[in-house]
Amino acid sequence: MRKQLAEISQNVCVNTSKGKRAAPRSTEPTRPKLTLSALWPALFATTTLVAWGLLVYLAVGYGERVRNGSTSAWAMLLLTGLAAVVCLFVTFIMLARMLQALGSAGLEAGPDKESRPVGGRRAKR
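Residues numbered from 1 in each chain as written. Predicted model: local features only at pLDDT ≥ 70, side-chain atom pairs only at ≥ 80, totals over all residues. Heavy atoms only, no water.

Q: Mind showing me how you'd approach the overall build of the protein here?
A: Counting its regular elements, the protein contains five helices and zero strands. Helices (α) and strands (β) of the protein occur, in sequence order from the N terminus, as α-α-α-α-α. A total of 125 residues make up the protein; the buried ones form 14% of that total. When contacts within the protein are restricted to residue pairs at least 6 apart in sequence, those whose partners lie at least 24 apart make up 63%. For the protein, the accessible area works out to roughly 11300 Å², and carbon and sulfur atoms hold 61% of it. (Helix = DSSP H or I, 4+ residues; strand = E, 2+ residues; numbered from the N terminus. Buried < 20%, exposed > 50% of the residue type's maximum accessible area, 1.4 Å probe, protein only. Contact = heavy atoms within 4.5 Å. Areas by Shrake-Rupley, 256 points an atom, 1.4 Å probe, with all protein chains shown as cover.)

See below:
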């Protein structure tokens, strides 16, 4: 009995999958590669994030002037606030593009539309 237990490795259940949806095991883990196509969105996202911080700082300053009674600062407050929103939106877009270029976003993975059956179990009835 003890001999049989010694012959079985500890990871037998993990190494052999026999389920219906068992995928073949990858021999080498894939790591995202830093390429030039991922570097440009990262630099642009960093630049827009710094610009966003500067615009928020300016908007706070204009807000302080508006509270003190300056009515001419309203236009600049609205302009800097809108520009800050746009900068933050562009930052998120650039970060998504960077993750897509690195392959970390999972946008490339997934089943092909052609290989999926139309309908499913209920349609076969």
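Here the narrative resumes, following the displayed structure.
Q: I'm lost on a nonpolar patch on the surface in this one. Help?
A: A cluster of nonpolar residues, L36, L39, W40 and L43, forms a patch on the protein surface that exposes about 430 Å² of accessible area. Among the structural elements, W40 can be located in helix α3 (residues 36-67). (Patch = residues over 30% accessible without salt bridge, like charges linked within 9 Å, V, L, I, M, F, W, Y side chains within 5 Å. Salt bridge = Lys/Arg side-chain N within 4 Å of Asp/Glu carboxyl O.)

Q: Sorry, what's going on with the environment of M76 here?
A: Mapping M76 onto the fold places it in helix α4 (residues 73-102). Assessed through its relative accessible area of 33%, M76 is described here as partly exposed. Distance in space between the C-alpha atoms of M76 and L58 is 9.0 Å, their sequence separation being 18 residues.

Q: Any chance you could explain the side chain of T48 here in plain terms?
A: Mapped onto the elements, T48 comes out in helix α3. Given a relative accessible area of 9%, T48 falls into the buried group. In this view, T48 contacts C87, V90 and T91; residues no more than four positions away in its chain are not counted.

Q: How do you make sense of the nonpolar core when you look at a structure like this?
A: Generally speaking, soluble globular proteins have nonpolar side chains that are buried together. Ranked by size, the top nonpolar core spans five residues in total: A59, Y62, V66, A73 and L77. Broken down by element, the residue count for this core peaks at three residues, all from α3. Dropping the residues within four chain positions of it, A59 is found in contact with L77, T80 and G81. (Core = buried A, V, L, I, M, F, W, Y, C linked by side-chain atoms within 4.5 Å.)

Q: Hey, could you run me through α3 in this one?
A: An α-helical segment advances 3.6 residues per turn. Residues three or four places apart therefore align on the same side. The end-to-end C-alpha distance of α3, which contains 32 residues, comes to 47 Å, matching closely the 46 Å that a straight helix rising 1.5 Å per residue would cover. Listing the buried residues of α3 in full gives A38, P41, A42, A45, T48, L55, A59, Y62, G63 and V66. Tucked inside the fold, the buried residues of α3 contact α4. (Expected span 1.5 Å × (residues − 1).)

Q: Would you mind showing me how to read the side chain of T80 here?
A: Here T80 is to be found in helix α4. Only 2.8 Å separates the side chain of T80 from the backbone oxygen of M76, close enough to count as a polar contact. Not counting chain neighbours up to four residues away, the residues in contact with T80 comprise L55, L58, A59 and Y62. (Polar contact = N/O pair within 3.5 Å; in protein donor to acceptor, adjacent residues only side chain to side chain.)

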